[in-house]
Amino acid sequence: MTGRRVLCLVILCMMVTYAHQAKADPGQYIQIPAQPYPVSGLRQRLIAEGKVLPDVDQSMQSDIPARYFPPQNPDHSPDSQHAAIVALPDCDDSFPQNWIAILQHAGIGVLQISPHQAHPSQAYCTEGSLDQPKHGVTYWAFDALSALSYLAQQPDIDPKRIAVFGYGYGAAAAQLAVYRHGHAKRIEQRFRAMVGLRPQCMSEMDNFAPSLLVGIQKDPFNPPAWCQWRMDRDLGPDTEPVQLELIDSHEIIEKQATRKALAVENSAPVIQLITDFLSDNGMTVKNSEN
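Residues numbered from 1 in each chain as written. Predicted model: local features only at pLDDT ≥ 70, side-chain atom pairs only at ≥ 80, totals over all residues. Heavy atoms only, no water.

(A) Expanded view of the pattern of salt bridges. Applying the stated criterion across every chain, the model contains seven salt bridges. Between Arg-180 and Asp-206 there is a salt bridge; the shortest N-O distance is 3.2 Å. Of this pair, Arg-180 sits in the loop between helix 6 (169-177) and strand 6 (194-197) while Asp-206 sits in the loop between strand 6 and strand 7 (211-216), and the two are 26 residues apart along the sequence. By relative accessible area, Asp-206 is classed as buried at 19%. (Salt bridge = Lys/Arg side-chain N within 4 Å of Asp/Glu carboxyl O. Helix = DSSP H or I, 4+ residues; strand = E, 2+ residues; numbered from the N terminus. Buried < 20%, exposed > 50% of the residue type's maximum accessible area, 1.4 Å probe, protein only.)

What follows is the structure, encoded as structure tokens:
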């Protein structure tokens, strides 16, 4: 085993230990201003034709409760900027706290938003299907874009090194937040990369940013087959890459409305997979040159 390989394993072991031992950090409470909801091209044309249209759903304009977790080991000098991630929770408003600690320890700030609190109108864990996605995915993706715009204005954050990391249902919204033909095209900023852990693949995959999807084999509630079907249909030679990696787990997967995080989600191989992807896509100083 080479010295470099040994060093990588040691670092990974330290990160896993840190994630498990770190005390729960409540983070800094922030209210993210919602971006003005964009008027679609179709809506603009109908208005120009004199058609009377129903008002836009104003719940899209709700500010988003969030908590910011600063990096523990910033990868920058005092007069420069660090990378940041918008964390999108699962349908029950939960995001793995171990992963927040892992990302902080890697020198990345984490903004965990709560679309569930901003738009509480749906039972997100018990409604919707592949053929009839929950309308909430659109809300949550737009909230992620509002969070992106907020982070891009912070003086200590590099606006070119902001990624989105979704978990479960939040991964579905994260995919929509980088979808080239969705709301993302109307927002000035762009996410650098997208990570989906146990993703619900309910969005097309012609994206602005490279994506990594990490699924659990035989997961009945976040089936990897959905992701593969979308990839087979949407990806081509001119699209940004989408990488799908499947991991096995012998743990019992809970029911949709009561499921819990799995230990394998923050195991050393998964940590290496995700942190390597973030590094390869410019989320660390050494690889951040365009």
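Resuming the write-up.
(B) Looking closely at the sheet that holds strand 3 (residues 82-88). Spatial strand order, 1-2-4-3-5-6-7-8: eight strands in an open sheet with mixed pairing. Single-partner strands in this sheet number two, and they are strand 1 (28-32) and strand 8 (242-247). Taking the axes of each pair of neighbouring strands and ignoring which way they run, one obtains an average angle of 20° across the sheet. Against the sheet, helix 8 (residues 268-280) touches strand 3, strand 5 (157-167), strand 6, strand 7 and strand 8, its axis set at about 170° to strand 7. (Pairing = 2+ DSSP bridges. Axes fitted to C-alpha atoms, helices over the stretch in contact; angles between N-to-C directions. Contact = heavy atoms within 4.5 Å.)

(C) Structural detail: the state of the cysteines. This model, assessed by the stated rule, comprises one disulfide. Covalently, Cys-201 is tied to Cys-227 through a disulfide, its sulfur atoms 2.0 Å apart. As the torsion about the S-S bond is roughly 80°, the Cys-201-Cys-227 disulfide counts as right-handed. Here Cys-201, found in the loop between strand 6 and strand 7, pairs with Cys-227, found in helix 7 (residues 224-234); they are 26 residues apart in sequence, far enough to count as distant. Pair check on accessibility: Cys-201 and Cys-227 agree, each one buried. (Disulfide = S-S within 2.5 Å.)

(D) The arrangement of the packing of aromatic side chains in detail. Scanning all chains against the criterion turns up four aromatic pairs. Plain terms: the ring middles of Phe-95 and Phe-165 are 5.4 Å apart, the flat faces sit at 75° to each other, and that makes the pair edge-to-face. Highlighted residues: Phe-95 in the loop between strand 3 and helix 3 (97-105) and Phe-165 in strand 5, separated in sequence by 70 residues. In this structure Phe-95 comes out as buried when scored by relative accessible area, which is 5%. Classification of Phe-165 by relative accessible area gives buried; the value is 1%. Arranged with centres 6.4 Å apart and planes meeting at 75°, the rings of Phe-95 and Tyr-167 form a pair that is edge-to-face. With a gap of 72 residues between them, Phe-95 in the loop between strand 3 and helix 3 and Tyr-167 in strand 5 connect regions that are remote in the sequence. Across the pair, exposure class does not vary: Phe-95 and Tyr-167 are buried alike. In this structure an aromatic cluster arises from ring pairing among Phe-95, Trp-99, Phe-165 and Tyr-167. Directly above the aromatic system of Phe-208 lies the positively charged group of Arg-190, at a separation of 3.9 Å from the ring centroid. (Phe/Tyr/Trp six-rings, centres within 6.5 Å; stacked < 30°, edge-to-face > 60°. Lys NZ or Arg CZ within 6 Å of the ring centre and 35° of its normal.)

Interpretation in functional terms is not warranted from these geometric data alone.
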